Structure formats: C-alpha cells, structure tokens
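Each chain, written out:
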Amino acid sequence: MHRKKFAPRRPTVALGMFTAASLAVIMAAEPSAAASTLGAQAAQSGRYFGTAVPAGKLGDGTYVGILDREFNMITPENEMKWDTTEPSRGSFNFGPGDSIVSHAQAHGQRMRGHTLVWHSQLPGWVSSIGDANTLRSVMDNHITQEMSHYKGKIYAWDVVNEAFADDGSGRHRSSVFQNLLGDGFIEEAFKTARSVDSSAKLCYNDYSIEDWNSPKTQGVYNMVKDFKSRGVPIDCVGFQSHFGTGGPPSSFQTTLSNFAALGVDVQITELDIAQASSTAYGNTVKACMNVSRCTGITVWGIRDSDSWRTGENPLLFDNNGNKKAAYSAVLTALGG
Ligand code: G3I
C-alpha cells in the first residue's frame, strides 16, 4: 500500500511491454533454470537420480524426508532378491518389496527391480539343486513369478547380476547357474524376462566393469555385443560403481559410450565412493552426463549411516541427513 503510493506511475503501454518482455525471459529461462534437488536437476536432462532403499527405513522420518525430496528412482536394497522373494521353492514373499513399490507409487518415484538371477543372497534350496532341468525350470519360474507380480510397476530389471569373474579371465564366474546350465543361462534369463514383461527394460548389472581396459569389462562388452548381434533381448547395462577414494577410472566415460554404441542404455546403478570426495563424485556424474544414453544415476544409500560400507562415509548425506560437499558437486555436475 505504502509503496504503491510513492511509486512513479508507469504509462500503461510501457507497463504492458515490460510485462510481456519479462514473461518471454522467464519462459525462455525456465527449462534450464537450476533445480534445487538431485532428482529435479537430473530430470532437466531427461535423466533420473535414484537411491537404494531398504524397507526397514521407510518409518524413519528424516530418511523419508530426504528420499522424497531428492530422489525420483528407487532400487530396493535387498527386498527383491531371491532369498527374500522365494525363500522356499514355489513359496513367494513379495511383502517387503511391495512396501517399497507402494511408497514409490505414492510419491511419483519409479522403480528399478533388483535382482532376478544372482549367485548371492540365493537360498540354499537353489544352490543345492543338482540337475540342469530342475534348475532351468526353477530359474524360469522365479523370473516369471516375480516379474508378473510387479508387471507394469518396474522401469528396469537387473535380470542377471554379477555373473562375471574377478580373476582376470573375462569369463563367467562359477555359480550354480553357470555350473549346471553353462554360458547360456544368461540369455535364457533375458529371453524369459522379455516374454513375461515386454515393457520393462532388461539390464545386465555388474561391478568393476567401469575401466575399459579391464578383462571383466571386455567380457561383459563382448556378451552384450553378441546378444545384440543375435537378437537376444537386452536393453541396458548397469555399472554399479562402488569406487575407492579416487572415484572412477579415467576411462569410465569411454566405457559408457562404447557400451551405449552397441545400442543399449547405460546407467550408474549403485554409486558410492570411499570418503565421498567432491571431485570423485563430480567426475562420475560428468561421465554420465557426457553420454546421451546414460539415462540415470543411483546412489547406494542416502546417509553414510545407511551404507553397507561401514566407516567409509561414501554417500552424499552425513549421519544426520545433512548434505555433504559432494552433494553440491553432484548437483553442479548434473547441470545445476
Ligand atoms: O535380513 C537379515 C536379518 O534377518 C539378520 O538379522 C541380519 C543379521 O546380520 O542380517 C540380515 O540380512 C542382511 C541383509 O543385508 C539385510 O540387511 C545380510 O546379513 C547382509 O549381508 C545384507 O547385505 C546386503 C548385501 O548386498 C548382501 O550381498 C546389503 O544390505 C546390500 O547393500 C548389498 O547390496 C549389493 C547389491 O545387491 C549388489 N551389488 C553389491 C551391493 C553391495 O554389496
């Protein structure tokens, strides 16, 4: 009221022009205006920013506050793994996974399904199967039941997780699947997955495949190349990205773009970095931002106290839920 009284009166025409010009500037600036959260900033380039979530944390108000403010993709940390979802043969338990999906749906977050076929967190009744026919039908049934249950609710599935060895051979690791079904178990899993839910993206997910010069990376690359050349369904490769203090290898962007050139999306699926240096986090995010088919980044937990890497402080929020320096580095690298 007071201000209005002393404000110089603007001619009507000039006021009209000023308003129109301001509007044009605002409208032009809007798409690139910096966002104030990881998810919103990632969305500006068509990407997502996600985190691993354990169902047990959904009752923690501080945790959930950060989750719903910052993240628009969720990976269940353990709740969709075989030991939880089919603890005994033919007896399925989707309760813990369902609670995470319900949360995500209520808060506009998408889901990554993790994981259908993995040698770890595998119940003893599966690892002790001794014949190929039984294992094949058990594996296919597991994929079918779990994917059917979540059909339409999962953006991407880690169909097979960590199937390659760490021994420098570039070959598959030993597992009940490999040992009974042979190399073909991976493509069998992907074909089954496609037949169950043709709208979910089907991913292969692994760790220590970020360095282009590593035999393990080359092994996975050759598998994806072979799958694409033979029409075996595969849509994406997840790079877990559990890094040491130095962050990603210098070839990480090359690796991402070489895989993308095969015709798959690439995603950073379980990012955490010992001691969370801003440079290391920034470099990781930049590598993804520089590859158009790198469609999203997921960190493996929210606060350091939520991390599986006890004592390494590898995440973006401290134990009290405060943003760490690396948070700003990530937001900036995302384009903020
Ligand atoms: O559920 C039991 C609980 O009943 C029991 O009382 C408790 C006692 O230790 O253990 C609980 O299980 C733990 C489970 O997490 C749920 O909290 C397991 O011991 C523990 O080994 C398990 O760790 C998980 C780990 O995968 C197992 O391989 C981590 O939370 C999870 O972050 C981690 O995630 C993996 C990805 O799936 C794949 N890539 C590597 C990544 C890090 O290891």
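Structural data are supplied above this passage.
Below: a short report on this structure.

## Topic: the site of the ligand
Moving on, step 1. Looking at the ligand, there are 14 residues lining it, with Glu77, Lys81, His114, Glu162 and Glu270 nearest.
Moving on, step 2. In this structure, a nitrogen atom belonging to the ligand sits 3.0 Å away from a side-chain N or O atom of Gln240.
Moving on, step 3. When the ligand is considered free in solution it has 790 Å² of accessible area, and contact with the protein chains removes 44% of it.
Moving on, step 4. Looking at side-chain class alone, the shell around the ligand contains 3 nonpolar, 7 polar and 4 charged residues.

## Looking at unusual backbone geometry
Glycine aside, negative phi is the norm for most residues, and most peptide bonds take the trans geometry.
Moving on, step 1. Across the junction of His114 and Thr115, the peptide omega takes the value 0°, indicating a cis bond.
Moving on, step 2. With respect to the helices, strands and loops of the structure, Thr115 is situated in strand β3 (residues 110-118).
Moving on, step 3. Positive phi, close to 70°, is recorded for Gln275, a residue that is not glycine.
Moving on, step 4. For Gln275, a relative accessible area of 46% translates into the label partly exposed.

## Structural notes on empty space enclosed by the protein
Moving on, step 1. Under the criterion given, the structure shown has 1 cavity of 30 Å³ or more.
Moving on, step 2. Considered as a void within the structure, the largest cavity measures approximately 50 Å³ in volume.
Moving on, step 3. Mapped by element, the contributors of at least two residues to the lining of the largest cavity are β3 and β4 (156-161).
Moving on, step 4. For the lining of the largest cavity, a count of residues per class yields 6 nonpolar, 3 polar and 2 charged.

## Digging into the pattern of salt bridges
Moving on, step 1. One pass over the full model with this rule turns up 18 salt bridges.
Moving on, step 2. Across the salt bridge formed by Lys201 and Asp265, the nearest N and O atoms sit 3.4 Å from each other. Here the residue Lys201 occupies a position in strand β5 (residues 201-206), and Asp265 occupies one in strand β8 (residues 265-273), the gap between them amounting to 64 residues.
Moving on, step 3. Relative accessible area serves as the criterion here: at 27%, Lys201 is assigned to the partly exposed category.
Moving on, step 4. In this structure Asp265 comes out as buried when scored by relative accessible area, which is 7%.
Moving on, step 5. As a salt-bridge pair, Glu312 and Arg309 come within 3.0 Å of each other at their nearest N and O atoms.
Moving on, step 6. Judged by its relative accessible area of 27%, Glu312 is partly exposed.
Moving on, step 7. Among the charged side chains, a network of salt bridges with common partners joins Lys57, Asp60, Arg303 and Asp306.

Here is what the cut-offs are and how they apply
- Residues numbered from 1 in each chain as written.
- Predicted model: local features only at pLDDT ≥ 70, side-chain atom pairs only at ≥ 80, totals over all residues.
- Heavy atoms only, no water.
- Near = heavy atom within 4 Å.
- Polar contact = N/O pair within 3.5 Å; in protein donor to acceptor, adjacent residues only side chain to side chain.
- Areas by Shrake-Rupley, 256 points an atom, 1.4 Å probe, with all protein chains shown as cover.
- Nonpolar A, V, L, I, M, F, W, Y, C, P; charged D, E, K, R; others polar.
- Helix = DSSP H or I, 4+ residues; strand = E, 2+ residues; numbered from the N terminus.
- Buried < 20%, exposed > 50% of the residue type's maximum accessible area, 1.4 Å probe, protein only.
- 1 Å grid on protein atoms, 1.4 Å probe; cavity = no way out; pocket = protein on both sides within 12 Å on 5 of 7 lines; lining within 4 Å.
- Points joined across faces, edges and corners; volume = space filled by probe spheres on them.
- Salt bridge = Lys/Arg side-chain N within 4 Å of Asp/Glu carboxyl O.

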